[in-house]
Amino acid sequence: MKVVVLYSILLLFPSCLLAHDSLQYTVRQYTDENGLTQNSVKAMGFDRSGFLWMNTENGVVRFDGQLFRSFNKNQFPLKSSRMSWLLPDLQTGALISVSERNQVIRMQDGQAILLTDHPLLSGTGPGPDTQNENYKLYSALGLPNVFSNLISIERYKMSTGVDSYYILNYDSIIAWNKGKVEFALPYKTGNFWKFFLMGNRLYQIQGVQITLIEDGQAIPTGQLQGDIRKHPGFLNGKVQPKIYWSTTEGQVFLVMDKLLYMVKPGAKNGLTTELLMRDFDYESNRITVICYDTRYKRIFMGSQTRGLFVFTRKPFFTMRSGQSDADEVYYAQALVGDNEILTPQGYLFNLQLQGISEVLPEFNKRMREDRSSMVLDHNKNIWVKHRMMLYCFDPEGKKLLRELSFPQNITMLYEDQDSNLIIGAKWQAASRISLNDPHAKPVIVHPSIKDLCYIQEEGKHRMWMGCGNGLYSIDKLTGKIDSIKELSGKYIRSLYVRQEGELWISTHEDGFYLYDGKKLVAMPMDKGSYLASAHCVIEDDNGFFWITTNKGLFQTARQDLLDYAAGKLHSPYYLYYDKYAGFNTNEFNGGCQPCGLKLKGGYFSLPSLNGLVAGNPSRLVPEVPSLSLFIDRIEIDGHSIPLADTISLNKHFDFFRLFITTPYFGNPYNRQLDFSLVKDGNAGTWLPVDGDGSIKLSSLASGSYEIRIRKANGFGANNHLVKSV
């Protein structure tokens, strides 16, 4: 797959936007080198099941988000595979594609069918009535019209429903509904390509002025409003917006220079605009059609010569210091104020600036390598460690208040509820310093617990200490120490006490666990076992856990994990994010305390091998593969057979293949398809479906079989869809 990463510049206005709103996208371009059969995408739209369909010069092409399938002369008795028009079928909700030889293909629910009976075949369609491309009646196909320079039109039809439409003549506009004229408005229409529909309302754009045609009147509604007014070319009138109107999706866009705006209904019958994307050249890329997925902030663009572009908004952003001597590797952090983050290197990051605001020299000159732990204590003083040295700085980080030397490397720092600073030591017991006494000396605590890595407290009287070789529980009243034997020898990376009786434990190479005070439950792995090295568990405001790993970031529902632990759920769903979601690298860092930060307003900051990853997961719509599952086609010994719920196989067949498809445009890792072969009621093992969506069978004994196909739908109970053949 050809992958291009497009960055855009954040314009700073008085109310500064955060970086997740700064219009940064990942771009994937598809051509004949990676799926398309031909590079001219002249029109496109989605069917009701969520599949994307495209008109090309080599048939119609279906895209399910992962794989392409073409329908052309190889599948149908077409006179030509060059497709000319793509229209919504307002009666059935399907899409209709018309070839240059006026043959009609209907696309619905992932399947394409060549029609022999359709109104477009009766002479009432958009085809020319002569051989010189003169059209007495031409149906609107959207804008821009790729044939505009090749055709002439007498009347222009813009449909709003099955039996309702506008007819534009050069000197009038007539509204029809159920065979009757609703109004006839004398009006000099001029250029038909300046009209578009917003819902069922007819608009004309002239420069930046908008006119609404409604109830027999031409109503001036003034200039376009919204983000487009910030464009200097709009204000001085030197740049004219180009219209993109999708009849299949009912969406309108404007392009000015390299900026893309979506047009929306505005106040007082007017129209407003929202800036969607910057810094893309629509002219040189010869963009013909645009569609926008408003839920997942994904833009689809078809090009006349360069295939399909899919732009996906990045939900996260990465902050780097930009210092010439910085390696940009981050571990521990401390929250300073509402939106500033301090790292042990002395870098002060500001979320609104999406980067560094200050370098603290007293930190920077001391903290060059050891960055694994820091504490902002109850007095707002900042404690950091560097190998065998412990430093305390004032709340501004500019004055060194205290420094202590230890006989071994310090592993971690933690302030407990009793205002003690606990200092872990490599291979040795931890120490404690009272933060209420500026002259307090370190005192050894719990000599039997060594190589301390992470601490959390559960209620007032229990402390959990994670180490390089296990997990220990300390009763603070009695001093009694217990351990969880199942975790003996395991390297504890982090702990999260959600509430009393709910402790989440992440480990290095052994996954993550739930301990409820009595029972330890190992959570299942993801399909690639990336969760084996779970660094950190952090919870958002919507009840989701976010888990960092060496291979990316996972989102999962806390309630699903609890139900799994209670035996109520077969398996929880893990939604995966990789670097194309806004990271510079898939490798997050662990082995630090804190392992991540939750900031005011729901923002996270997570340390990685290349920058601090930030974002607001609570505002993110999880893109789970929740749409339907379809049997796409069936082949026996390389020959396709008609789709059916029951298939009879000759006992001498060699090779059987069943192809399935489901529309999903998110990360391919999140599409989880399995199948099981059932004979005489006995189900076999669940096996993964091949990457091309096929199930391959051969050498079956005589008998009746059932193929069960299972798709993970996302979070929650009963989160699987099962289909049988």
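These numbers were taken from a predicted model, which means no experiment stands behind them.

A.B. asks: Please set out the overall build of the protein chain residue by residue, giving values where relevant.
C.D. replies: When helices and strands are tallied, the protein chain shows three helices and 64 strands. Oriented by its inertia axes, the alpha-carbon framework of the protein chain measures out at about 100 × 80 × 40 Å. Buried residues in the protein chain amount to 55% of all 725 residues. In the protein chain, the share of contacts with a sequence separation of at least 24, taken over all contacts with a separation of at least 6, comes to 49%. As presented, the protein chain carries roughly 31,800 Å² of accessible surface, and 47% of it is formed by carbon and sulfur atoms. Between the mean site of the 77 positive side-chain charges and the mean site of the 73 negative ones, the protein chain shows a separation of 2 Å.

A.B. asks: An account of the side chain of Asn420 is requested, with residue identities and associated values reported.
C.D. replies: Mapped onto the elements of the fold, Asn420 is located in strand S38 (residues 420-425). Judged by its relative accessible area of 13%, Asn420 falls in the buried class. Contact partners of Asn420, with chain neighbours within four places excluded, come to Tyr414, Glu415, Arg432, Ile433, Ser434 and Leu435.

A.B. asks: Give a detailed account of the state of the cysteines, specifying residues and quantitative values.
C.D. replies: Overall, the coordinates contain one disulfide when judged by the stated rule. Cys467 supplies the cysteine sulfur nearest to Cys453, a cysteine that is in no disulfide, at a spacing of 6.1 Å.

A.B. asks: Account for the nonpolar core, with residues named and values stated.
C.D. replies: Membership of the largest hydrophobic core comes to 69 residues, with the highest contact counts inside it found for Tyr138, Met158, Leu260, Tyr282, Ile299 and Met301. Not counting residues within four places of it along the chain, the set of residues in contact with Ile299 comprises Tyr25, Leu260, Leu276, Met277, Ile290, Cys291, Tyr292, Phe309, Val310 and Phe311. Phe544, Trp546, Phe604 and Ala712 belong to the second-largest nonpolar core, a separate cluster that totals 18 residues.

A.B. asks: Please set out the sheet that holds strand S31 (residues 347-350) residue by residue, giving values where relevant.
C.D. replies: With antiparallel pairing, four strands are arranged side by side in an open sheet as S29-S30-S31-S32. Two strands close off the open sheet at either side, each with one partner strand: strand S29 (334-336) and strand S32 (355-359). The mean angle between the axes of side-by-side strands here comes to 35 degrees, regardless of whether they run parallel or antiparallel. Sheet analysis places S29 next to strand S30 (residues 340-342), joined by three bridges and oriented antiparallel. When the sheet's bridge partners are listed, Leu335 is paired in S30 with Ile341.

A.B. asks: Tell me about the side chain of Arg366, residues and numbers included.
C.D. replies: Examined against the element boundaries, Arg366 turns out to sit in the loop between helix H2 (361-364) and strand S33 (374-376). Of the polar contacts made by the side chain of Arg366, one reaches the side chain of Glu362; its length is 2.8 Å.

A.B. asks: Talk me through the layout of surface pockets; I want residue IDs and the actual numbers.
C.D. replies: As a volume, the second largest pocket reaches approximately 730 Å³. Arg298, Thr312, Arg313, Pro315 and Glu623 are, among the 38 residues lining the second largest pocket, the residues nearest its centre. Considered class by class, the residues forming the lining of the second largest pocket number 18 nonpolar, 10 polar and 10 charged.

A.B. asks: Tell me about the packing of aromatic side chains, residues and numbers included.
C.D. replies: One pass over the structure, following the stated rule, counts 47 aromatic pairs. Each ring, one from Phe316 and one from Tyr577, has its centre 6.0 Å from the other, and the planes form 85 degrees; the classification is edge-to-face. Of this pair, Phe316 sits in strand S28 (residues 316-319) while Tyr577 sits in strand S52 (residues 575-577), placing them 261 residues apart in sequence. Both residues of the pair, Phe316 and Tyr577, belong to the buried class. Relative to Phe393, the ring of Phe363 has its centre 4.2 Å away and its plane inclined at 25 degrees; by these criteria the two rings are stacked.

A.B. asks: Lay out the environment of Phe630 in plain terms, naming residues and giving numbers.
C.D. replies: Within the secondary structure layout, Phe630 lies in strand S56 (residues 630-636). Expressed as a C-alpha distance, the spacing of Phe630 and Leu114, which sit 516 residues apart in the sequence, is 19 Å.

A.B. asks: Give me the environment of Asp632: which residues, what numbers.
C.D. replies: When you line up the elements, Asp632 lands in strand S56. The class for Asp632 is buried, based on a relative accessible area of 4%. The sequence separation of Asp632 and Gly110 amounts to 522 residues, and the corresponding C-alpha distance is 7.6 Å. Separated by 3.2 Å, the side chains of Asp632 and Arg633 make a polar contact.

A.B. asks: Got a sec to walk through empty space enclosed by the protein? Specific residues and values, please.
C.D. replies: Per the stated rule, a full pass over the model turns up one cavity of 30 Å³ or more. Around the largest cavity, the lining is made up of 19 residues, and of these Lys42, Ala43, Leu141, Gly142 and Pro144 lie nearest the centre. Those elements that provide at least two residues to the lining of the largest cavity are strand S3 (43-46), strand S7 (83-88), strand S21 (242-246) and strand S25 (287-293). Looking at which element gives the most residues to the lining of the largest cavity, the answer is S7, with three residues. Grouping the constituent residues of the lining of the largest cavity by class yields 11 nonpolar, seven polar and one charged.

A.B. asks: A description of the pattern of salt bridges should follow, citing residues and the corresponding values.
C.D. replies: Pairing between side chains of opposite charge can happen when the charged atoms of each approach one another. Scanning the model with the defined rule gives 31 salt bridges in all. For the salt bridge of Lys136 with Glu154, the shortest nitrogen-to-oxygen distance reads 3.7 Å. You can see Lys136 sitting in strand S11 (residues 134-139) and its partner Glu154 sitting in strand S12 (residues 152-159), a full 18 residues away along the chain. On the basis of relative accessibility, which here comes to 44%, the residue Glu154 falls in the partly exposed class. In this structure, Glu362 engages Arg366 in a salt bridge whose closest nitrogen and oxygen atoms are separated by 2.8 Å. Using a relative accessible area of 23% as the deciding quantity, one classes Glu362 as partly exposed. Taken together, the shared-partner salt bridges connect Arg62, Arg69, Asp632, Arg633, Glu635, Arg657 and Asp692 into one network.

A.B. asks: Help me get a handle on the pairing of strand S26 (residues 298-303), residues and values and all.
C.D. replies: Burial analysis of S26 places six of its six residues in the buried class, the great majority of the element. Burial of S26 is two-sided: the residues Arg298, Phe300 and Gly302 facing one way and the residues Ile299, Met301 and Ser303 facing the other way are all buried. Summarising the sheet, S25 and S26 pair through six bridges and their orientation is antiparallel. From the neighbouring strand, Val289 faces S26, where its bridge partner is Gly302.

Procedures and definitions
Residues numbered from 1 in each chain as written. Predicted model: local features only at pLDDT ≥ 70, side-chain atom pairs only at ≥ 80, totals over all residues. Heavy atoms only, no water. Helix = DSSP H or I, 4+ residues; strand = E, 2+ residues; numbered from the N terminus. Buried < 20%, exposed > 50% of the residue type's maximum accessible area, 1.4 Å probe, protein only. Contact = heavy atoms within 4.5 Å. Areas by Shrake-Rupley, 256 points an atom, 1.4 Å probe, with all protein chains shown as cover. Lys, Arg positive; Asp, Glu negative; His and termini not counted. Charge placed at Lys NZ, Arg CZ, Asp CG, Glu CD. Disulfide = S-S within 2.5 Å. Core = buried A, V, L, I, M, F, W, Y, C linked by side-chain atoms within 4.5 Å. Pairing = 2+ DSSP bridges. Axes fitted to C-alpha atoms, helices over the stretch in contact; angles between N-to-C directions. Polar contact = N/O pair within 3.5 Å; in protein donor to acceptor, adjacent residues only side chain to side chain. 1 Å grid on protein atoms, 1.4 Å probe; cavity = no way out; pocket = protein on both sides within 12 Å on 5 of 7 lines; lining within 4 Å. Points joined across faces, edges and corners; volume = space filled by probe spheres on them. Nonpolar A, V, L, I, M, F, W, Y, C, P; charged D, E, K, R; others polar. Phe/Tyr/Trp six-rings, centres within 6.5 Å; stacked < 30°, edge-to-face > 60°. Salt bridge = Lys/Arg side-chain N within 4 Å of Asp/Glu carboxyl O.

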